[in-house]
Amino acid sequence: LDFEFHEHLVTAQPGTPPDGRLGVREPRSERLVVLYEEKDGKISRMWLRPDAENVGGNPTAGEKDIMATEIYKEFEAKLKELKGTEDLGER
């Protein structure tokens, strides 16, 4: 799970192809939470959400603070779904 801050992010207009050929939104800054899946040393998939709770921007947020967020709980549920088990092992 990665908390990221992207500056000058440019994306396609909503409802258009993701390559931007039909127009792009104005550049913006955005905080994101990203869950990466790695296979054979390469990123194979990723899931992302806006960091609406600004956890990544809080320098005092610890493990307990992060684990209490809705974002963490949603990504934890995704991991359990992908693994097909409730036991995710050690953190």
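Each remark here, short or long, concerns the structure printed above.
Below: a short report on this structure. (Residues numbered from 1 in each chain as written. Predicted model: local features only at pLDDT ≥ 70, side-chain atom pairs only at ≥ 80, totals over all residues. Heavy atoms only, no water.)

**Here we look at the overall build of the chain**
- On a plain count of helices and strands, the chain comes out with two helices and three strands.
- Helices (α) and strands (β) of the chain occur, in sequence order from the N terminus, as β-β-β-α-α.
- Relative to a compact globule of 91 residues, whose C-alpha radius of gyration would be 12 Å, the chain shows 16 Å and is clearly more extended.
- The principal-axis extents of the C-alpha atoms in the chain amount to approximately 45 × 35 × 25 Å.
- Expressed as a percentage of the 91 residues in the chain, the buried residues total 18%.
- Partitioning the contacts of the chain with sequence separation of at least 6, the portion at a separation of at least 24 is 35%.
- Between the averaged position of the 14 positive side-chain charges in the chain and that of its 20 negative side-chain charges there is a distance of 3 Å. (Helix = DSSP H or I, 4+ residues; strand = E, 2+ residues; numbered from the N terminus. Rg over C-alpha atoms; globule rule 2.2 N^0.38 Å. Buried < 20%, exposed > 50% of the residue type's maximum accessible area, 1.4 Å probe, protein only. Contact = heavy atoms within 4.5 Å. Lys, Arg positive; Asp, Glu negative; His and termini not counted. Charge placed at Lys NZ, Arg CZ, Asp CG, Glu CD.)

**A closer look at unusual backbone geometry**
- Its identity is not glycine, yet His8 carries a phi of approximately 60 degrees, on the positive side.
- Along the chain, His8 turns up in strand 1 (residues 2–9).
- Its identity is not glycine, yet Asp40 carries a phi of approximately 55 degrees, on the positive side.
- For Asp40, the position within the fold is in the loop between strand 2 (28–39) and strand 3 (42–50).
- According to the relative accessible area criterion, Asp40 is exposed, its value standing at 79%.

**Description of the pairing of strand 2**
- Across six bridges, the pairing between strand 1 and strand 2 is antiparallel. Pairing of Asp2 across the sheet is with Val34, part of strand 2.
- Connecting strand 2 to the next strand, strand 3, in antiparallel fashion are two residues, including Asp40 with a positive phi near 55 degrees. (Pairing = 2+ DSSP bridges.)

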